Amino acid sequence: MLKFLHTADWQMGRAFTRFETEDGAALVEARFEAIETLARLATENQCDAVLVAGDVFDAQTVADRTIRRVFNATQGFAGPWVMLPGNHDAALAESVWTRAQRLGAVPENVHLALHPGVIDLEPQRLSILCAPLTQRHTYSDLTEPFSGYQTPEGFLRVGLAHGSVQGLLPDEIDSANPIAPNRAEASRLDYLALGDWHGTKQIDERTWYSGTPEPERFRNNEAGNALIVDVSEPGATPTVTPVPTGRYQWHQLRETLAVHSDLEQLLDCLSSLPESAVVDLRLEGSVTLAGEEALLKALSVAEARFRSLRCERSGLQLAPTEEDIAALKADGYVGEVVESLRERQEVAQDDVARDALAILAGLLREREQEAAQ
């Protein structure tokens with residue numbers, strides 16, 4: 001029985017500039033913690049090797065400190081690591097990999113697959129057939145030579161590649177770096193470990209994308225896992241077990257509010273999300289003044305509880321009811337202003353009028369509360 005861990009798409013060095021500084025820094029740090037988690041899982045599961053199917057780094061220009069930290073984070077697993085360059089960190093003549101070597105940052109147990117060919121891990125009786133990207137985009141199948149690669153008798157044949165399996169991934173996936181859908185069968189592979197698709201995805205019984213170990217975008221594609229692969233002997237069908245590795249969960253919510261039950265469902269959804277949530281919320285429709293007050297309170301609580309919450313409310317209109325207006329006790333000139341703002345934001349979809357109405361309503365409610373004390 002041979003067991004290894006399959007991972008990919010670490011994207012180390014990625015910056016999360018669209019987030020608040022504190023949140024962006026936490027998301028960056030989580031990616032280093034993910035490598036430590038992978039090392040721990042490989043040790044706890046007594047894996048024979050860790051295979052990284054491309055895009056270890058997000059760019060060729062990452063800082064030297066990032067390079068050193070990446071390799072330092074692998075120390076929790078003393079067995080062999082095999083790292084393959086992907087499209088973000090292609091094995092150019094001068095690359096992030098050559099810089100890592102000059103820095104002396106690469107541990108002895110980490111094998112860099114900078115050239116096409118076979119890496120034989122003799123103690124493990126494991127042959128890794130490698131198809132590194134030597135430029136960002138290619139339009140021929142770099143795994144095709146696998147069929148001609150010779151491996152020692154009795155060694156498992158495991159392919160390691162980064163690209164798009166043709167005809168099986170969604171249409172919007174870039175057609176560059178193609179991989180034949182029958183590569184495992186055509187090249188007599190016991191397993192084909194792939195990277196590039198950031199979610200865990202099975203292509204066939206011997207071909208898998210592991211996905212990124214730490215989610216980094218709002219896409220429901222089963223990100224945040226690694227794969228533990230067991231193969232009893234050459235030719236046997238592998239047993240593949242996804243293992244959760246992600247710290248943060250990314251949720252993209254698009255909600256249209258029309259009736260009060262819509263708001264109640266939204267508030268229930270927010271309260272059910274874990275503290276590790278990274279939330280992108282966009283609201284449309286309309287809400288009463290009482291509903292707006294409840295919504296703002298819930299958003300304030302969520303902002304403090306979640307790792308990150310971004311809410312776009314420009315498409316959400318205030319629709320005060322007669323009860324809302326009466327509760328404000330806005331008579332005379334103030335009442336006329338309230339009615340004018342309500343008409344402007346309803347008729348002209350005026351965001352300024354909407355915000356002004358919300359602020360004025362809040363001030364009037366505060367006045368009532370002070371008067372009642």
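So, a few notes on the structure that sits alongside this text. (Residues numbered from 1 in each chain as written. Predicted model: local features only at pLDDT ≥ 70, side-chain atom pairs only at ≥ 80, totals over all residues. Heavy atoms only, no water.)

## Considering the overall build of the protein
Across its full length, the protein carries 9 helices and 17 strands. Each of the 373 residues in the protein was classed as buried or not, and the buried ones make up 52%. Considering only residue pairs separated by 6 or more positions, the protein has 72% of its internal contacts joining residues 24 or more positions apart. When the accessible surface of the protein is split by element, carbon and sulfur atoms take 48% of a total near 17400 Å². (Helix = DSSP H or I, 4+ residues; strand = E, 2+ residues; numbered from the N terminus. Buried < 20%, exposed > 50% of the residue type's maximum accessible area, 1.4 Å probe, protein only. Contact = heavy atoms within 4.5 Å. Areas by Shrake-Rupley, 256 points an atom, 1.4 Å probe, with all protein chains shown as cover.)

## Some words on the sheet that holds strand β16 (residues 277-287)
Pairing within the open sheet is parallel, and its 3 strands lie in the order β15-β16-β17. On the outer flanks of this sheet lie β15 (249-257) and β17 (308-318), each paired with one strand and no other. Strand-to-strand, the axes of this sheet are offset by a mean angle of 5 degrees, without reference to chain direction. Relative to β16, β15 runs parallel, the two being bridged by 9 bridges. If you follow leucine 257 over to β16, its bridge partner there is glycine 285. Each of β16 and β17 is contacted by helix α6 (residues 289-305), which is oriented at about 170 degrees to β17, the strand it contacts most. (Pairing = 2+ DSSP bridges. Axes fitted to C-alpha atoms, helices over the stretch in contact; angles between N-to-C directions.)

## Comments concerning the pairing of strand β10 (residues 191-195)
Most of β10 is tucked away: 5 of the 5 residues are buried. On β10, burial covers both faces: Tyr191, Ala193 and Gly195 on one face and Leu192 and Leu194 on the other are all buried. Relative to β10, strand β7 (residues 156-162) runs parallel, the two being bridged by 5 bridges. Each residue of the ladder has a partner; that of leucine 160, found in β10, is alanine 193. The sheet contact formed by β10 and strand β12 (residues 207-209) spans 3 bridges and is parallel.

## What to know about the side chain of arginine 14
When you line up the elements, arginine 14 lands in the loop between β1 (2-7) and α1 (21-44). Exposure remark for arginine 14: the relative accessible area of 17% places this residue in the buried category. Non-local contacts of arginine 14, meaning those with residues more than four positions away in its chain, are made with Val28, Asp58, Glu216 and Arg217.

## Observations regarding helix α2 (residues 64-72)
Where α2 is concerned, the buried positions are Thr66, Ile67, Val70 and Phe71. Buried residues of α2, viewed axially, fall in a sector of 125 degrees; they line one side. (Arc of directions from axis to C-beta.)

## A few points about the pattern of salt bridges
Scanning the entire structure with this criterion turns up 15 salt bridges. Taking the shortest distance from any N to any O, the salt bridge between aspartate 230 and lysine 3 comes out at 3.8 Å. With a gap of 227 residues between them, aspartate 230 in strand β13 (residues 225-231) and lysine 3 in strand β1 connect regions that are remote in the sequence. Of the residues examined, aspartate 230 reaches a relative accessible area of 16% and is grouped as buried. (Salt bridge = Lys/Arg side-chain N within 4 Å of Asp/Glu carboxyl O.)

## Quick word on the nonpolar core
If you look at the biggest cluster of nonpolar residues, it comprises 33 residues, and the most contacted ones within it are Leu5, Trp10, Phe57, Phe71, Trp81, Met83 and Trp97. Secondary structure elements with two or more residues in this core: α1, β2 (49-52), α2, β3 (81-83), α3 (96-103), β4 (110-112) and β13. Counting residues per element, this core draws most heavily on α1, which supplies 6 residues. When sequence neighbours within four positions are dropped, the list of residues in contact with tryptophan 97 reads Val56, Phe57, Phe71, Met83, Leu84, Pro85, Asp89, Ala90, Ala91, Leu112 and Leu114. (Core = buried A, V, L, I, M, F, W, Y, C linked by side-chain atoms within 4.5 Å.)

## Let's talk about the environment of leucine 299
By the element assignment, leucine 299 lies in helix α6. For the pair leucine 299 and leucine 309, spaced 10 residues apart in sequence, the C-alpha to C-alpha distance is 8.3 Å. If we ignore the near neighbours within four places in the chain, the residues touching leucine 299 are Leu270, Leu281, Leu309, Cys311 and Arg313.

## Quick notes on the packing of aromatic side chains
Scanning all chains against the criterion turns up 10 aromatic pairs. An angle of 65 degrees between the planes, with centres 5.5 Å apart, marks the rings of phenylalanine 4 and tyrosine 191 as edge-to-face. Pair noted here: phenylalanine 4 is in strand β1 and tyrosine 191 is in strand β10, with a separation of 187 residues, a long-range link. In this pair, the class of phenylalanine 4 matches that of tyrosine 191, namely buried. Plain terms: the ring middles of phenylalanine 77 and tryptophan 81 are 6.0 Å apart, the flat faces sit at 70 degrees to each other, and that makes the pair edge-to-face. (Phe/Tyr/Trp six-rings, centres within 6.5 Å; stacked < 30°, edge-to-face > 60°.)

## So, unusual backbone geometry
Of note in the backbone geometry, aspartate 55 takes a positive phi value of approximately 55 degrees without being a glycine. Along the chain, aspartate 55 falls in the loop between β2 and α2. A residue is classified by how much of its surface remains accessible, and aspartate 55, at 1% relative accessible area, is buried. Even without being a glycine, asparagine 177 presents a positive backbone phi close to 55 degrees. Here asparagine 177 shows up in the loop between β8 (164-165) and β9 (178-179). The buried category is assigned to asparagine 177, whose relative accessible area is 5%.

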